[in-house]
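# Observations on the three-dimensional arrangement
Single-letter residue listing:
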Amino acid sequence: MLHILQVGNYMVEPGSGVAKKTHALVRAFRSQGQQVMVHAVVDENQSHFGEAHGDIHLYSCQRAERANAVRQLIQSHVGPGDAILFRYPWASAEMLEVVRTFGHQIVFEHNTDEEAEALLLQREHLERMPFRLSWSYLHYWFRTQILRRTVESTIGPRMLQAVSGGVCMTEELAERERFRYSNYITKAIANGCALGEHKSDFFLPINDSFRAVMLIGAPAPWHGLDRVFKGLQSFAHTNVAIRLDVIGVSDAGQMTFPAGVEVRFLGRLDDNAIEALLPEYHIGIGTLALHRKRMQEACPLKVRQCMAAGLPMVLGYRDTDISPMGSLSPFVLQVAPDDAPLDWRSIIQFYEHLLASTHTRENMLREVKNVMSVESKAEAIAAFMKSLGLSF
């Protein structure tokens, strides 16, 4: 049996891309004859310990007890011949002991550069702390700003050493993980998506309003919202008004935009609400500042959700599944991975050229299915785990 294991509230958050991906992956594995069980260790206010949540078994605990909860659920549910696909948790001394015990059955799933993200978050935490002439503060400052040291950078490589291998969402991440531990066996397999029902085979005409959407799981500097807003604040177009909906963020502070520009913060929405809204938009805005955590390549779930709904995308990074001359490239506007304001005039021109071309939404969805289907990703994950000697 294959056990999919996650630590965090991904499976119980409204509109969670991770939950959507996990459910789709489970369906794909089962359609291929695999037995699958999913476990999620969540915060104590999210569920009762061991409660079934659809296909997901939830284990609720305090954050300090997460490693112990992982140990208990593996001991209770995972047989000696089973395999575990474990979404990489933050490194800790307690989690290290768990993976050392069960590592021969574990393959990690890596979705980000953990060391870079941990350092970025630690620096943000340091900036929020009031300055103090104390040993603890100065030591924390020196450790963060000069040594660039985090728990992830010290314990993380030992966690990689303890397991069988790692599925990485990009080639870049696979290279980073091997740099952390040179003997780590990795395989780059990008996130997949499942296609739903679509009302139209053609892209929406602009008329007098251009509607864009940005899906965000949680506010973070690498999304590049500041680039989006700065571009809108300097936008001037006499014929077309712009409406941007930001889903996943409730507010971004006081901002003013010129006439003809409307920005709406819709907050967290469940998956059904998001799927109902997506057909209303002309284009989706993906991650724009991945360089802020020292990354150039990614395969975000939110981008795949938009593309599976037939939306062309604006991306500020290199997507693992989208090569410059590949079948999906006509439907993606690549912008520079920097901090410059987003040029909305060029975005509208890109969409107008797409409308004038022979490319249709039907063509795009066909290529999305060919390149990004969750079924092909499930086959690749199963083949990699079996190549490591794990049978399920």
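Details of the structure are given in the entry above.
Reference entry: report on the structure contained in this document. (Residues numbered from 1 in each chain as written. Predicted model: local features only at pLDDT ≥ 70, side-chain atom pairs only at ≥ 80, totals over all residues. Heavy atoms only, no water.)

### Details of the overall build of the protein
The number of helices and strands found in the protein is 13 helices and 16 strands. Against the 2.2 N^0.38 benchmark of 21 Å for 392 residues, the protein shows a C-alpha radius of gyration of 22 Å, consistent with a compact globule. Over its C-alpha atoms, taken along the principal directions, the protein stretches across nearly 65 × 60 × 40 Å. A burial count over the protein gives 53% of its 392 residues as buried. In the protein, the proportion of contacts linking residues at least 24 apart, taken out of those at least 6 apart, comes to 69%. For the protein, the accessible area works out to roughly 17,700 Å², and carbon and sulfur atoms hold 51% of it. Side chains of the protein give 39 positive and 43 negative charges; the mean places of these two sets differ by 4 Å. (Helix = DSSP H or I, 4+ residues; strand = E, 2+ residues; numbered from the N terminus. Rg over C-alpha atoms; globule rule 2.2 N^0.38 Å. Buried < 20%, exposed > 50% of the residue type's maximum accessible area, 1.4 Å probe, protein only. Contact = heavy atoms within 4.5 Å. Areas by Shrake-Rupley, 256 points an atom, 1.4 Å probe, with all protein chains shown as cover. Lys, Arg positive; Asp, Glu negative; His and termini not counted. Charge placed at Lys NZ, Arg CZ, Asp CG, Glu CD.)

### Quick notes on the state of the cysteines
Across all of its chains, the model carries zero disulfides by this definition. Here C306 is not cross-linked by a disulfide; its sulfur's nearest cysteine counterpart is in C193, at 11 Å. (Disulfide = S-S within 2.5 Å.)

### Quick look at the nonpolar core
Ranked by internal contacts, the top residues of the largest apolar core, which has 93 residues, are V228, L244, I285, M307 and W344. Every residue in contact with M307, bar those within four places of it in the chain, is listed here: M313, I322, L328, V332, M364, L365, V368 and M372. With 28 residues, the next largest nonpolar core counts C61, F86, Y88 and F108 among its residues. (Core = buried A, V, L, I, M, F, W, Y, C linked by side-chain atoms within 4.5 Å.)

### So, the pattern of salt bridges
A complete count under the given rule lists 24 salt bridges for this structure. Between R180 and E177 there is a salt bridge, with its nearest N and O atoms 3.1 Å apart. Taken together, the residues R180 and E177, both in helix α7 (residues 171-180) and three residues apart, mark about one turn of the helix. Take R180: its relative accessible area is 12%, and that puts it in the buried class. A relative accessible area of 0% places E177 in the buried class. The shortest N-O distance in the salt bridge between R318 and E297 comes to 3.4 Å. Here E297 lies in strand β13 (residues 297-298) and R318 lies in strand β15 (residues 318-319), a separation of 21 residues in the sequence. Under the relative-accessibility criterion, E297 is labelled buried at 5%. Among the charged side chains, a salt-bridge network with shared partners connects E114, E115, E152, E177 and R180. (Salt bridge = Lys/Arg side-chain N within 4 Å of Asp/Glu carboxyl O.)

### Quick look at the sheet that holds strand β11 (residues 261-267)
On the basis of which strands lie adjacent, the open sheet formed by six strands has the order β11-β10-β9-β12-β14-β16 and parallel pairing. Two strands lie at the open edges of the sheet, namely β11 and β16 (332-334), each paired on one side alone. The average undirected angle you get between the axes of adjacent strands in this sheet is 25°. Here two bridges tie strand β9 (residues 209-215) to strand β12 (residues 283-285), and the two strands are oriented parallel to one another. Of the residues in β12, the one forming a bridge with A212 is I283. The sheet contacts of helix α8 (residues 225-233) involve β9, β10 (241-247), β11 and β12, and relative to β10 the element is tilted by about 160°. (Pairing = 2+ DSSP bridges. Axes fitted to C-alpha atoms, helices over the stretch in contact; angles between N-to-C directions.)

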